[in-house]
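# A look at the structure
Residues per chain are reported as follows:
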Amino acid sequence: MIATSNRILDQINQGEQILATLPVKGNSLLSGKLGRVLYLAYNYKLLGNEENIETAVSYLDEIFGYLREAGPEAMQELPWILPALCRVIDVLNDDQIIDMEIDAQDFLVFDETIFKSIKVFIANYNIDFLYGASGSLNYLIKRMDRNPVIKEYIAILFDLLLGKRIEDEKGIRFINAHMSKHSKSEDIDFGLAHGQCGLILTLLNIYETGLLQEPIKELVTGMLKYILPFKQLPQPESGMYSYFPMGVNESLERTDPKNLAKYNNRMGWCYGDLNIALMLYKAARILDLPELSVLANEVGLDTCKRLTTENSGIENAHLCHGSTSMVLFYDALAAENNLSEYKEARAFWFRYTQDYLDIELQKPETNGRAEQLLMGIPGAMLLLLSEELEEQTSWKSLFLL
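Residues numbered from 1 in each chain as written. Predicted model: local features only at pLDDT ≥ 70, side-chain atom pairs only at ≥ 80, totals over all residues. Heavy atoms only, no water.

### Some words on the overall build of the protein
A count of helices and strands for the protein gives 17 helices and 4 strands. Overall, the C-alpha framework of the protein stretches about 60 × 50 × 35 Å when taken along its three principal axes. Considering only contacts within the protein whose residues lie at least 6 apart along the sequence, 68% involve residues at least 24 apart. Split by element, the accessible area of the protein, about 17200 Å² in all, is 50% carbon and sulfur. Put simply, the protein has 36 plus and 56 minus side-chain charges, and the middle of one group is 5 Å from the middle of the other. (Helix = DSSP H or I, 4+ residues; strand = E, 2+ residues; numbered from the N terminus. Contact = heavy atoms within 4.5 Å. Areas by Shrake-Rupley, 256 points an atom, 1.4 Å probe, with all protein chains shown as cover. Lys, Arg positive; Asp, Glu negative; His and termini not counted. Charge placed at Lys NZ, Arg CZ, Asp CG, Glu CD.)

Following this line, the structure appears as structure tokens:
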């Protein structure tokens, strides 16, 4: 192995030792047992430690047991834990790490339960990818070839979604009531994690199955009609580093300082111009709208120049909005347009991920979320493990990448 690989393995070993000491809190993918299952499974795939895969399977069994109890807390968490649980099992089966024997009839029940949960999400204006309709829809899409009822489910859900759109001369957009509730924000969110990009990428995934293609194209082009006029050239000297804002408050003028402040330096998996660039590439390719590729190139290539904390907002190795997310995004952009700039940016942020990890692994206690997949060590470890495996890994699909 080359020297870089030795450094990767050293960091993987350090991460394993630290994570063994950190408690796993809750059941979720983002911060609990499901996230730890992913880490343990890919660690096992690379290093072959049987104890890791046994612990991963025991966590899965515990989560199933928790959901079967159907107590008040379990029922409250069911809408986002169940689809994540099923997708994690799919991913681990796809990558031939485990082969869980779950009765096919159980999965049919899961599908129906998730369908009913999405209906409630949509009724409540919750389009969130992490905690709402978009993320759960992505699970049902993956099940379409194994459950013929899924097509009917998705058609019903699409009609319900249309009923919640805001449409006028500006175009089409959707409120995310989940974010309005938790962040006290009235913004139309543009991001992948909580907003328009996440929903569009989900709709494009449905389109690629051959289902509802004409109405999906009409809806997505209406959403693009709303988003694209917000493009402006970055003005770093004024603190506006991006082409597109993180969101917009429609009760204020577009030029209001509070709206202009949203053209900030934030880049990462959850928000920012990388979200927009990937969405544009995919819309261009899937919907046959080549003019969008030109804009995707402009926005995507500009992000490659944003290599400091000041202009990127990146200051840690995390998956949510740290350097790990940058590596994953440049992989995704390069898959859409194989440009050398994306490969160079990917290499830059991979080095930074290792540099950030050198610091964080020495003092994990400085991150109060070090045990979490999205905001801690496991997400970065998954990147390192995948790098060493030198093969395609399916876990990135859990994050629309």
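After that view, the rundown keeps rolling.
### Structural notes on the packing of helix α9 (residues 196-208) against helix α12 (residues 273-286)
Contact geometry of α9 with α12 gives a least axis separation of 10 Å together with a crossing angle of 25 degrees. Taken together, α9 and α12 sit at an angle that is classed as roughly parallel. Pair α9 / α12 crosses with left-handed handedness. Of α12, the residues touching α9 (which contributes Cys197, Ile200, Leu201, Leu204, Tyr207 and Glu208) are Asn275, Ile276, Met279, Lys282, Ala283, Arg285 and Ile286. (Axes fitted to C-alpha atoms, helices over the stretch in contact; angles between N-to-C directions. Parallel < 35°, antiparallel > 145°, perpendicular 65-115°, else oblique. Left-handed = near helix turned anticlockwise from the far one by under 90°.)

### Focus: the nonpolar core
By size, the foremost hydrophobic cluster in this structure holds 146 residues, and its most contacted members are Leu38, Tyr42, Leu92 and Trp269. At 11 residues, the largest contribution of residues to this core is made by helix α4 (residues 72-94). (Core = buried A, V, L, I, M, F, W, Y, C linked by side-chain atoms within 4.5 Å. Buried < 20%, exposed > 50% of the residue type's maximum accessible area, 1.4 Å probe, protein only.)

### With respect to the pattern of salt bridges
Within this structure, the stated rule accounts for 19 salt bridges. A salt bridge links glutamate 250 to arginine 173, with the shortest nitrogen-to-oxygen separation between them at 2.9 Å. With a gap of 77 residues between them, glutamate 250 in the loop between β4 (247-248) and α11 (257-260) and arginine 173 in strand β2 (residues 171-173) connect regions that are remote in the sequence. Ionic contacts of the salt-bridge type, sharing partners, join the residues Glu208, Lys282, Arg285 and Glu336 into one network. (Salt bridge = Lys/Arg side-chain N within 4 Å of Asp/Glu carboxyl O.)

### What to know about the packing of helix α2 (residues 33-47) against helix α3 (residues 50-69)
Between α2 and α3, the least distance of the axes is 8 Å, while the angle of their chain directions is 155 degrees. Between α2 and α3, the angle is such that the two are roughly antiparallel. Here α2 runs over α3; the crossing is left-handed. For the pair α2 and α3, the contacting residues are Lys33, Leu34, Arg36, Val37, Leu40, Ala41, Asn43 and Tyr44 in the first and Glu50, Asn52, Ile53, Thr55, Ala56, Tyr59, Leu60, Glu62 and Ile63 in the second. Residues of the contact of α2 with α3, tallied by class, amount to 10 nonpolar, 3 polar and 4 charged. (Nonpolar A, V, L, I, M, F, W, Y, C, P; charged D, E, K, R; others polar.)

### Things to note about helix α16 (residues 340-362)
Because the α-helix completes a turn every 3.6 residues, residues three or four places apart line up on one side. Taking 1.5 Å of rise per residue, 23 residues should cover 33 Å, and α16 covers 34 Å from first to last C-alpha, within 8% of that figure. Within the span of α16, buried status applies to Tyr342, Ala345, Arg346, Phe348, Trp349, Phe350, Thr353, Gln354, Tyr356, Leu357, Glu360 and Leu361. (Expected span 1.5 Å × (residues − 1).)

### Points about the environment of alanine 380
Tracing the sequence through the fold places alanine 380 in helix α17 (residues 377-389). In this structure alanine 380 comes out as buried when scored by relative accessible area, which is 1%. Ignoring anything within four residues of it in the chain, the contact list for alanine 380 reads Ala317, Thr324 and Leu357.

### Brief notes about unusual backbone geometry
The backbone of tyrosine 125 sits at a positive phi, close to 60 degrees, despite the residue not being glycine. Within the secondary structure, tyrosine 125 is located in the loop between α5 (104-123) and α6 (133-142). Owing to a relative accessible area of 35%, tyrosine 125 belongs among the partly exposed residues under this scheme. The phi dihedral of glutamate 390 falls on the positive side, at around 55 degrees, and the residue is not glycine. Residue placement: glutamate 390 occurs in the segment after α17. What makes glutamate 390 exposed here is its relative accessible area of 71%.

### Some points on α5
A rise of 1.5 Å per residue sets the reference length of α5, with its 20 residues, at 28 Å; its end C-alpha atoms lie 29 Å apart and thus fit the reference within 8%. Every buried residue of α5 is accounted for by Phe107, Phe110, Asp111, Ile114, Phe115, Ser117, Ile118, Phe121 and Ile122. Looking at the buried side of α5, the elements it contacts are α3, α4, α6 and α7 (149-162). Where α5 starts, the residue carrying a side-chain oxygen 2.7 Å from the main-chain nitrogen of glutamine 105 turns out to be aspartate 103. One or two residues past the end of α5 sits tyrosine 125, with phi positive at roughly 60 degrees. (Polar contact = N/O pair within 3.5 Å; in protein donor to acceptor, adjacent residues only side chain to side chain.)

### Regarding the packing of aromatic side chains
For the structure on display, the rule yields 16 aromatic pairs. Relative to tyrosine 153, the ring of phenylalanine 115 has its centre 4.1 Å away and its plane inclined at 10 degrees; by these criteria the two rings are stacked. With phenylalanine 115 in helix α5 and tyrosine 153 in helix α7, the pair connects residues that are 38 residues apart, well separated along the chain. (Phe/Tyr/Trp six-rings, centres within 6.5 Å; stacked < 30°, edge-to-face > 60°.)

### Structural notes on the environment of leucine 85
Along the chain, the position of leucine 85 falls in helix α4. With a relative accessible area of 0%, leucine 85 lands in the buried category. A C-alpha to C-alpha distance of 7.7 Å links leucine 85 and leucine 29, two positions 56 residues apart in sequence. Setting aside residues no more than four positions away along its own chain, leucine 85 makes contact with Leu34, Leu60, Ile63, Phe64 and Leu67.

### Digging into the state of the cysteines
Evaluation of the coordinates by the stated rule reveals 0 disulfides. Residue cysteine 197 stays outside any disulfide, its sulfur separated by 12 Å from that of cysteine 270, the closest cysteine. Looking at cysteine 197, the relative accessible area reads 0%, which means it is buried. (Disulfide = S-S within 2.5 Å.)

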